[in-house]
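# Observations on the model geometry
So the chains spell out like this:
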Amino acid sequence: MNPSPILVSRHGRVGVITLHRPAQLNALNDALMDALGEALLQFDADEGIGAIVITGSDKAFAAGADIAVMADWTCMEVYQSQFITRNWETIRQVRKPVIAAVAGYAMGGGCELALACDMVVAAESAQFALPEIKLAMLPGAGGTQRLPRAIGKAKAMDMCLSARMLGADEADRYGLVSRVVPDAELQTATLQLATQIAGYSLPALMAIKASVNRAHEASLTEGILFERRELYARFASEDAHEGMHAFLNKRKPAFRHR
Ligand code: CAA
């Protein structure tokens, strides 16, 4: 039997998924993407989990879609089996915050997976690239759409057309990552961040995530309307009243995630 392509663990209210195909630098094949999607949905449905971390190894977050598997596919095969759509996009269903903790290579589909997360914490060793052009391919797991939204057209075109690789500091400057931390601190720093986030009110986190994501999908007027509805809905939340009263009474809020 093949070893599991992911490792799953829990740390308080944080669910951690570690991509685990070390010999292939975590190249993303069906077994891995199926297992990742299943683990994401399980954590999303778990009341005891408030935030999710996806990480890889020190050498590679993920080196992209599995080229060995794809090399001989035909157009009709990928069309009929809905390559990418069938299992890579499960992450879009997740309503809780998802943080990518990236060390080493995040290339092709690996970079696209990081882009599909809500935040990216990068180790100083992290390297981001969409090198599909070298294969006469195209970044097809959201790369040509999410990258320009994240870093703008000029830098995105450069990365997609020339296969330019960005180090962690450049990726930080351009807005591809949220934070950069020393290599040795990646896992603890990300877990600390995820624990902090998971301690906040879960319905508020989900509302904020949905609202920020709306900024990419809608006009400003529609986005503002969506945000306003989410704000009004906060007043139906026990946690929001608890949070405001705790502030006024100078005590720590006790959120019940309602
Ligand atoms: N698919 C399949 N296997 C891969 C892989 C990938 N994407 N990336 C690395 N591997 C395998 C290598 O073939 C190698 O296997 P063997 O030991 O059996 O030869 C093993 O992982 C280690 O890789 P390297 O020896 O190449 O390691 P390196 O340190 O010299 O180089 C690297 C690392 C720069 C990441 C290099 O492996 C590389 O360029 N990988 C391919 C990156 C790439 O092109 N990604 C895009 C894929 S297409 C895609 O993702 C499409 C999409 O949008 C969905």
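Attention in this report is confined to the structure presented alongside it. (Residues numbered from 1 in each chain as written. Predicted model: local features only at pLDDT ≥ 70, side-chain atom pairs only at ≥ 80, totals over all residues. Heavy atoms only, no water.)

### Digging into the packing of aromatic side chains
Within the structure shown, the criterion is met by 2 aromatic pairs. Centroid distance Trp-73 to Phe-83: 4.9 Å. Interplanar angle 70°. Geometry classified as edge-to-face. Of this pair, Trp-73 sits in the loop between α2 (67–70) and α3 (75–81) while Phe-83 sits in the loop between α3 and β5 (98–102), and the two are 10 residues apart along the sequence. A residue is classified by how much of its surface remains accessible, and Phe-83, at 22% relative accessible area, is partly exposed. Grouped by ring-pair contacts, the aromatic residues Trp-73, Phe-83 and Trp-88 constitute a single cluster. (Phe/Tyr/Trp six-rings, centres within 6.5 Å; stacked < 30°, edge-to-face > 60°. Helix = DSSP H or I, 4+ residues; strand = E, 2+ residues; numbered from the N terminus. Buried < 20%, exposed > 50% of the residue type's maximum accessible area, 1.4 Å probe, protein only.)

### Side note on the nonpolar core
Ranked by size, the top nonpolar core spans 49 residues in total, and within it Ile-54, Phe-128 and Leu-176 carry the most contacts. Among the elements that make up this core, the one with the highest residue count is helix α1 (residues 30–45) (7 residues). Setting aside residues up to four positions removed in sequence, Ile-54 forms contacts with Ile-17, Leu-19, Leu-36, Leu-40, Phe-61, Ile-91, Val-98, Ile-99, Ala-100, Ala-101, Leu-113 and Cys-117. Within the second largest apolar cluster, 17 residues are counted, among which are Val-14, Val-121, Ala-123 and Leu-202. (Core = buried A, V, L, I, M, F, W, Y, C linked by side-chain atoms within 4.5 Å. Contact = heavy atoms within 4.5 Å.)

### Re the pairing of strand β2 (residues 14–19)
Counting buried positions along β2 gives 6 out of 6 residues, so the element sits mostly inside the fold. Residues Val-14, Val-16 and Thr-18 of β2 are buried on one face, and the alternating residues Gly-15, Ile-17 and Leu-19, pointing to the opposite face, are buried as well. Pairing between strand β1 (residues 6–11) and β2: 6 bridges, direction antiparallel. From the neighbouring strand, His-11 faces β2, where its bridge partner is Val-14. Count of turn residues in the β1/β2 antiparallel hairpin: 2 residues, of which Gly-12 carries a positive phi of about 60°. Once you follow β2 into α1 and on to strand β3 (residues 51–55), the crossover reads as right-handed. (Pairing = 2+ DSSP bridges. Right-handed = clockwise from strand over helix to strand, strands pointing away.)

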